[in-house]
Every structure is written in C-alpha cells, then in structure tokens.
Amino acid sequence: MAGIEVTALHKRYPDGTVAVDHVDLSIGDGELFVMLGPSGCGKTTTLRAIAGLERQTTGDIRIGDTLVNDLPPAERDIAMVFQFYALYPHLRTRDNLAFPLRAEGLPKAEVRERVDEAARLMRLGPLLDRRPHRLSGGEQQRVALARALVRRPRAFLMDEPLTNLDAELRADMRTEIKHLQGELGTTMVYVTHDQVEAMSLGHRIAILNKGRVEQIGTPLEVYDRPASLFCAAFIGSPPMNLIEVEVADGKLRSQGGLVLPPPPSLPRDRRLVAGVRPEALEVTEPGAERSAPGRVVSAEWLGDEVIAVVDHGGRRDVRVRMPPTVRFAAGAPVGLRHTGGPPPVYDVSTEELVA
Amino acid sequence: MAVSVDEAASTDPVRDHTPPARRLRGRGRGRSVLEVALLTVLAVVMLFPVLWMIETSIKENRDVYAVPAKFFDFKVTMGHFKDVFVAPGGGRSALSVAFLNSVVVAGVSTALATVLGVPAAWAYSRFAVKAKKDQLFFILSTRFMPPVVVVIPIFLMYRQVGLIDTKLGLILIYAAFNVPFTIWMMKGFVDEVPAEYEDAAMLDGYTRLQAFRRFTLPLLLPGIAATAVFALIFSWNEFVFAIFLTSSDSVRTAPPAIAGLIGGTTVDWGLVAAASVVFALPVLVFAYLVRKHLVAGVTLGAVRR
Ligand SMILES: Nc1ncnc2c1ncn2[C@@H]1O[C@H](COP(=O)(O)OP(=O)(O)OP(=O)(O)O)[C@@H](O)[C@H]1O
Ligand SMILES: [Mg+2]
C-alpha cells in the first residue's frame, strides 16, 4: 500500500490537445480519493498517467516513495478497473482472475487460493466457470473488481466503473466498493463525473475542470464552500443559486431585495456573487418578516421534496428546496427568505471564492 | 473469385435470428414469390457456366463437340482429370507441377503478407504515428494501379535482379500487393478490439508485445482468417504477373498453365474444363471451411460491446 503524489502533471497529446494542463494531487495512504469533473476535463488522462498507460508531457508521479515516471505499467504494482470492464472475452471468470497472478509466476496452489478468496469477497462462486459474455453487467463489474483485488496491488485506479450499470445496481455497487476499500485499506483513486457517487464514496474529492484542479476537499467542504464559481455550479442538484449581491449597511443585498448575512472580511469595490444552496432559502407568505417579494414560476414535486423556481426580480430565477408539505399555486406572489448562515461569496471577475 | 465472396454473403442470413416465417409474412407473399423467381433466374444465369465447366470435364471428347450440345445423355469419364495430373507417357504432368507451384506461391505470399501486415495494422491502430492518415493513404495507393500497368517496369526490374522466372519473384510481388490489403482490412479489425484489453494486460504485468500476442491476437483470428482467405484468393487467381514474369513449366503457376492449353490448332476442351475444376476447387473448399470466420470477420464490428 502506498500514497500517490502527482506534481505539476501536464499532458499534451500528439495532436496538440492539452488534456491535462496542471494537476497537483497528494493522495494519502489508504485514502479513497475521488476525481470528479465534467466530460473531457482530463480525469481519464490523469488516471492513465498514474497507471503508466500514458506518458505525461511534464510533471512527476510518485507511488509510495518511488518516482514512477519511467516505469512501465507492469512495474507500478497498481490495478485498474475500466469503464468498459476489459475482461478477457475468451477466458472464463476463474482464468480472468488468475491471469494477473500467473503473469507474476505465483505457484499454482497460491493462485487458486487467492482466486477463491477474491471470488468469496465479491461473491462470484457460481460464476467462476462462465465466460464474460454470459455474465450480466453487474456481474462483469464484480469480476473486474475481483480481478483488481487478486493481485493485492499497492493502489486501485477506477475509471468510472459504474457508468454502465442501472441506477439501483450502481447504488449497491457503490456501497460495496466503499465497504471493500475500507476493509482492505488500499489506496483508491476513483474517477467519476457523477457528483452523487463522488459525495457518497470519497474521503476527499478533487474537482477538475479543463485540465486543472479547481478544488480538493472532503465532501462536506466541497458542498459547503465551493472554491470557485465552477464548483458552485457543478456540485449539488439543483446546484447553488448564484445571486449577484452588493454590500450595504453591513449586509449582502440582492437586486430583488433578498438580504443575506455577510461573511467576515469582505473585499470592497468588487462585483460579488453569493452562492446560496436551495435548502438555505424558503418560500413564505408574501410580506413575511425579512422576506423579499417574489413569484413562483414553477415547481417540481419530487415526492420527498419540492423544488420551487422563484422570480424575485434578480437577474436569474432562484431555486428553493422545500418540504413536500408546502402548498402554493404557480404564479402566486410569495415571500423569499434566507435561513442559513453566511453564504460563500465569489468575485465575478476572478470567479474565485473571496469570503 | 466471385463465388467465394457469394459464399460469405449467402451464409449471412443464418446470423439473422428473425424466424423466416415472420419475415415472409412481414413482406407479403406476392413479393416473396417474385423474389424467389428472380433469384432463381439469376442463379441459373450465374451458375450455368460453372455447371457447363463441370459437365464438360466429365464428358467424352465426342460428346464435348456434339452438335446440338448434349445436356444429359452423355458418357461419363474421369479421363480428363487423370490427364490433368498424369502426363500422357506416365509421370507427372506439366499441369500438376503448375498446381503445386500455385499452392506454394499463393500459400507463402499470403503467409508473408499476413506476418507483415497484421503487426503493421496493429501499430497503425494503437499508436500515434506521425502523418498516419497520409501513410495509410500512401499504402492504399499502391493498390490503385491494376497489375497490367506496373507489370512492364516490374519485369525490367526483375530482369536486373534475376527474379524473372522464379517462384520467389512471384511470391514477393503477390505479397507486395497483399500487404496493403492486409493492413487496411486488419486495421479495421484491430480498431474493433478495445485497447483496454491490452491496457489491462499491461497492468497485469505483461509487456506491450505480450499483451498483443496473448490477448489481442486471439480476438483477431477471425479477422485474420477472413483477410488471409481474400489474400490467398488474389494470389491463387492472379494471371497478369504470372504470365509476364514466368515462362518455364517448372515455375509457372496454374492460371497461365491452364490458359496455355488453349491456343494450339486443336483445343482439348475436356482437359481445359477438368483443369479449371481442379483449379476452382481448393478456393471453394477453403472458403467453405472458413465461412464462419468470414461471416464473423465481416460482422465483427456489429457484435462487439
Ligand atoms: N488519445 C488522445 N488523443 C488526443 N486527444 C485525446 C486523447 N485522449 C483524450 N483526448 C482529449 O483529451 C481531453 C481529456 O480527455 P479525458 O479522456 O482525460 O477526459 P475525461 O475527463 O476522462 O472525460 P470523460 O468523462 O468523458 O471520460 C479531451 O478533450 C479528449 O478529447
Ligand atoms: Mg474518461
């Protein structure tokens, strides 16, 4: 087991595409580290560079204490699970699992022992004699995971391993992966573009955008204080309301009259945007205390909650998360009130968190 | 050879899992009757020369020349086939030597083209090669010219280096024609095999070449078989280079040898037909044996992932 250290990683493909611009990561030993970002932001490329399948243009990668820049994938002692599971189609499950071990030249008895152990961990017993094309997607996924485990590598790399599964199975596998990682205590780098997956799995999350790291933090940090407007708009469903505000009388005030508590040490003379989570707002009777006047444009009843879209005279409509018991008619005049603590505030021009 | 390509196409519907009954109903009965009629006519027109060739090869000489032609009531003889392999005075005939030459030339040139073309196709598919498109176009462009156009310069070059009238000369030129074909066909097949297999194998501890040999290559076998059959058929049937570049009986391949039977004052049509049947047979049998691979090869792209 080992931590992974990525320093100033830069990858430019031969056709000129800069897939990774500048990435620094410091992944602890035994950590479940998630890389999250939109399609094309360079997640796979970063992961493949760590695996040694792609040579970075510049930058260093260390696994444990070893500088692995010039080591071939085989010598890095890591296992990778691909989005498309890449089980060898001409081999039965048993042999798929045994292959990496045979490559190491382990004695037969030990190979069998380790295969059985991995099969037990991933509950593959009845599937051992089937070929991949006779396995369901979820089963293939479990075999792929088992194949990663048999070798007892120093780290696991996972590239969107659950994307091809349906929602229910995905939730199950998520729990399973998290449990397994905790059990084994092996470092894991998990790539996804699904924020729910990232939030529920990761000890820490790195948010990538256009080949750069926008923020690294625990799921809570990332949710509560997104480090940039990009992160603010990316995390959460629906995402934060980005409301243009001005500082007046020691408060943050929006165009539509919404009043927010100010964070300490706000810079002066800049155009500011406050990031307000939908659950930090509430819809009230029109004219209620500390509320700004607004109008419900539409509402989505989701069963366990209601997302109301409210026009409060600002540039953009805001989304408000309410318990499913509230009742209001679309188009009705309402009040809009902020309930939480000081929201994160961003500078419009730099798009970064200022307070 | 058109027949072998038809072979591939005609087995194709076997893969179509729609029950025939439902397909017929879906299209309407009237239309299916018309289809059958048209296909029958087409089959008769296409197959008549082949049938006539087979018939002629087993007819007595007098029946061959009979006017009006005899379709059914003729005496069957295997004499012509014996003449193909055995010389009139005993011993091996010139034709049988020519067939052996064809086997050697077609086999070796196909093997050569496959051994060179498959790794090249893999490299073009997997790696970032400079000006890849231009290189591939250049490779393909060597196939633009029909053999007749290049045969004179090739002849002159071969005379300089002493490859005229040698089997090696034919093998090299056929391989040269088949390598571009193999690269293009196989690149398509390699593209269809996800690169992740090799990535996974490399992470499992194999080198890139081992990963190719142990994981990608087995998946390519149907494609290689299909490609090799086409290359084999090209080399087996090739006539222009064969007739220009070789002359002696000990080197000549079957196509010019059979053509050489025609042109004297009298033509032994029975012998010509028998030789043609023998010539067509191996390709048909081979295509039949690998027909599953041919279909798999042709449809590989449709069933992946
Ligand atoms: N082999 C390649 N050659 C050239 N450009 C590439 C190559 N592979 C990826 N790219 C480009 O690099 C960028 C980053 O790709 P990458 O695969 O790392 O994205 P990703 O974050 O994994 O996206 P996704 O979520 O869609 O998988 C993309 O713009 C992509 O088009
Ligand atoms: Mg990716």
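Residues numbered from 1 in each chain as written. Chains lettered and ligands numbered in written order. Predicted model: local features only at pLDDT ≥ 70, side-chain atom pairs only at ≥ 80, totals over all residues. Heavy atoms only, no water.

Chain B appears in an unreviewed UniProt entry as Multiple sugar transport system permease protein from Actinacidiphila glaucinigra. In the Subcellular location (unreviewed entry) part of its UniProt record, chain B is described as follows: "Cell membrane". What UniProt states about chain B under its Sequence similarities (unreviewed entry) heading is, verbatim, "Belongs to the binding-protein-dependent transport system permease family." (UniProt positions renumbered as here; feature names shortened; annotations may be inferred.)

Participant: Teacher, can you tell me more about the UniProt feature "domain: ABC transporter" (unreviewed entry) in chain A here?
Facilitator: As annotated by UniProt and renumbered to match this structure, "domain: ABC transporter" (unreviewed entry) occupies residues 4-235 of chain A. Taken end to end, residues 4-235 of chain A has its terminal C-alpha atoms 25 Å apart, with 37% of it in helix and 25% in strand. (Helix = DSSP H or I, 4+ residues; strand = E, 2+ residues; numbered from the N terminus.)

Participant: Explanation requested: empty space enclosed by the protein in the structure shown.
Facilitator: One way to see where empty space is left: roll a probe the size of a water molecule over the atoms. Per the counting criterion, the structure on display carries one cavity of 30 Å³ or more. Here the largest cavity defines a volume of roughly 50 Å³. Along the walls of the largest cavity sit Ala79, Met80, Ala144, Arg147, Ala148 and Arg151 of chain A together with Ala200, Leu203 and Asp204 of chain B, which together make up its complete lining. A per-element tally of the lining of the largest cavity places helix 4 (residues 137-150) of chain A first, with three residues. Its residues assigned to classes, the lining of the largest cavity comprises six nonpolar, no polar and three charged. (1 Å grid on protein atoms, 1.4 Å probe; cavity = no way out; pocket = protein on both sides within 12 Å on 5 of 7 lines; lining within 4 Å. Points joined across faces, edges and corners; volume = space filled by probe spheres on them. Nonpolar A, V, L, I, M, F, W, Y, C, P; charged D, E, K, R; others polar.)

Participant: Explain the side chain of serine 109 of chain B here, please?
Facilitator: Within the fold, serine 109 of chain B resides in helix 6 (residues 94-126). Discounting chain neighbours no more than four positions away, the residues touching serine 109 of chain B are Ile171, Tyr174, Ala175 and Ser235 of chain B. (Contact = heavy atoms within 4.5 Å.)

Participant: Just to check I follow, could you spell out the pattern of salt bridges for this structure?
Facilitator: When their charged atoms lie close together, side chains carrying opposite charge are able to pair. All names here are of chain A. The tally for this structure, following the rule as stated, stands at 28 salt bridges over all chains. One salt bridge in this structure joins glutamate 117 and arginine 152, with 2.8 Å as the shortest N-O distance. Taken together, the positions of glutamate 117 in helix 3 (residues 108-121) and arginine 152 in the loop between helix 4 and strand 7 (155-159) put the pair 35 residues apart, joining distant regions of the chain. Using a relative accessible area of 30% as the deciding quantity, one classes glutamate 117 as partly exposed. Of the charged contacts, one joins arginine 337 and glutamate 282 as a salt bridge, the two residues approaching to 3.0 Å between their closest N and O atoms. Of this pair, arginine 337 sits in strand 19 (residues 333-338) while glutamate 282 sits in strand 15 (residues 281-284); the two residues are 55 residues apart in sequence, bridging distant segments of the chain. Within the structure, one salt-bridge network assembled from shared partners comprises Arg92, Arg94, Asp95, Arg102 and Asp129. (Salt bridge = Lys/Arg side-chain N within 4 Å of Asp/Glu carboxyl O. Buried < 20%, exposed > 50% of the residue type's maximum accessible area, 1.4 Å probe, protein only.)

Participant: Looking at this structure, I do not really get the packing of aromatic side chains. What am I missing?
Facilitator: For any pair of aromatic rings, the description consists of the separation of the ring centres together with the inter-plane angle of the planes. This model, assessed by the stated rule, comprises 21 aromatic pairs over all chains. Each ring, one from phenylalanine 230 of chain A and one from phenylalanine 234 of chain A, has its centre 5.5 Å from the other, and the planes form 15°; the classification is stacked. Here phenylalanine 230 of chain A and its partner phenylalanine 234 of chain A are both found in helix 8 (residues 229-234), four residues apart, which amounts to about one turn of the helix. Between phenylalanine 48 of chain B and phenylalanine 71 of chain B, the ring centres sit 6.5 Å apart and the planes meet at 45°, which makes this aromatic pair tilted. Of this pair, phenylalanine 48 of chain B sits in helix 3 (residues 29-57) while phenylalanine 71 of chain B sits in the loop between helix 4 (61-64) and helix 5 (79-85), and the two are 23 residues apart along the sequence. The exposure class assigned to phenylalanine 71 of chain B is partly exposed, which follows from its relative accessible area of 40%. Of note, arginine 277 of chain A hangs over the ring of tyrosine 223 of chain A, and the distance from its end group to the ring centre comes to 3.9 Å. Sitting over the ring of phenylalanine 234 of chain B, arginine 143 of chain B keeps its end group 5.3 Å from the ring centre. (Phe/Tyr/Trp six-rings, centres within 6.5 Å; stacked < 30°, edge-to-face > 60°. Lys NZ or Arg CZ within 6 Å of the ring centre and 35° of its normal.)

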